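Below are the chains, spelled out letter by letter.
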Amino acid sequence: MQAQSVESHAPLMRMAAVPDGKGGVVHKLVPATVEPVRKGKKKRHVPDPIKANPDAAAQQLRQLIERIENIDAEILGLLDDRNDVYQEAKATGYSKKAMRDIIARRKKDPNALQEEQAILDTYLTALGME
């Protein structure tokens, strides 16, 4: 004689607070619903401009891309100009490395710069290098 497997198709139940109609609640067993677990921030729906108005969206996209390309070209031009200034300084006898260090220091907060210098002096003294 073979054993038969008995599968239960009873719905999963959970306890829930159900309004009793008199301003209170009654705890009852209700069918459990399986809801997906959501993690993280709720995604904001942004409408697709291409689907809304394809011609205008394509034109706007083209303009944005051209603006970015123009900015990139300006950046490359400015980088070339900066390199020319460094080359001129080097030809005059100045150290590019020292100039870069000075520019980096001028960008920093004076208090942070003073703290870094104090730490550097302490380390140099400890190593007998000063």
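Details of the structure are given in the entry above.
Residues numbered from 1 in each chain as written. Predicted model: local features only at pLDDT ≥ 70, side-chain atom pairs only at ≥ 80, totals over all residues. Heavy atoms only, no water.

Caption draft 1: Region of the structure containing the overall build of the protein. Looking only at helices and strands, the protein features 4 helices and 2 strands. When the helices and strands of the protein are listed from N to C terminus, the series reads β-β-α-α-α-α. Contacts in the protein between residues far apart in sequence, at least 24 positions, make up 0% of those at least 6 positions apart. Accessible surface, the protein: about 12,800 Å² in total, of which carbon and sulfur atoms supply 57%. (Helix = DSSP H or I, 4+ residues; strand = E, 2+ residues; numbered from the N terminus. Contact = heavy atoms within 4.5 Å. Areas by Shrake-Rupley, 256 points an atom, 1.4 Å probe, with all protein chains shown as cover.)

Caption draft 2: View of a nonpolar patch on the surface. A contiguous nonpolar surface patch, about 350 Å² in accessible area, is contributed by I71, I75, L76 and L79. Here I75 lies in helix 2 (residues 54-92). (Patch = residues over 30% accessible without salt bridge, like charges linked within 9 Å, V, L, I, M, F, W, Y side chains within 5 Å. Salt bridge = Lys/Arg side-chain N within 4 Å of Asp/Glu carboxyl O.)

Caption draft 3: Just helix 2, in detail. Here helix 2 spans 57 Å end to end across 39 residues, near enough to the 57 Å set by a 1.5 Å rise per residue. Along helix 2, the positions that sit buried rather than exposed are A57, Y86 and A89. Elements that come into contact with the buried residues of helix 2 comprise helix 1 (49-52) and helix 3 (96-107). Of the residues trailing helix 2, G93 is marked for its positive phi of about 115°. (Expected span 1.5 Å × (residues − 1). Buried < 20%, exposed > 50% of the residue type's maximum accessible area, 1.4 Å probe, protein only.)

Caption draft 4: Representation of the pairing of strand 1 (residues 13-19) in the model. Sheet topology note: the strand 1/strand 2 (residues 25-31) ladder contains 7 bridges and is antiparallel. Each residue of the ladder has a partner; that of R14, found in strand 2, is V30. As consecutive antiparallel partners, strand 1 and strand 2 are separated by 5 residues, and within that stretch G21 has a phi angle of approximately 85°, a positive value. (Pairing = 2+ DSSP bridges.)

Caption draft 5: Molecular detail of the pattern of salt bridges. Inspection of the entire model under this criterion finds 2 salt bridges. One salt bridge in this structure joins E116 and K108, with 2.9 Å as the shortest N-O distance. According to the relative accessible area criterion, E116 is partly exposed, its value standing at 39%. Note on K108: relative accessible area 36%, which makes it partly exposed.

Caption draft 6: Molecular detail of a negative patch on the surface. A surface patch of like charges, here negative, comprises D80, D81, D84 and E88. Among the structural elements, D81 can be located in helix 2. (Lys, Arg positive; Asp, Glu negative; His and termini not counted. Charge placed at Lys NZ, Arg CZ, Asp CG, Glu CD.)

Caption draft 7: Quick look at the packing of helix 2 against helix 3. Close contact between helix 2 and helix 3 brings their axes to 9 Å; oriented N to C, the two are set at 125°. Our classification of the angle between helix 2 and helix 3 gives oblique. Contacts between helix 2 and helix 3 involve Y86, Q87, A89 and K90 from the former and K96, M99, R100 and I103 from the latter. Looking at the contact of helix 2 with helix 3 residue by residue, the class counts come to 4 nonpolar, 1 polar and 3 charged. (Axes fitted to C-alpha atoms, helices over the stretch in contact; angles between N-to-C directions. Parallel < 35°, antiparallel > 145°, perpendicular 65-115°, else oblique. Nonpolar A, V, L, I, M, F, W, Y, C, P; charged D, E, K, R; others polar.)

Caption draft 8: The packing of aromatic side chains, seen in detail. Using the criterion set out here, one finds 0 aromatic pairs in the structure. Here the guanidinium or amino end of R100 rests over the ring plane of Y86, the centre of that ring lying 4.2 Å away. (Phe/Tyr/Trp six-rings, centres within 6.5 Å; stacked < 30°, edge-to-face > 60°. Lys NZ or Arg CZ within 6 Å of the ring centre and 35° of its normal.)

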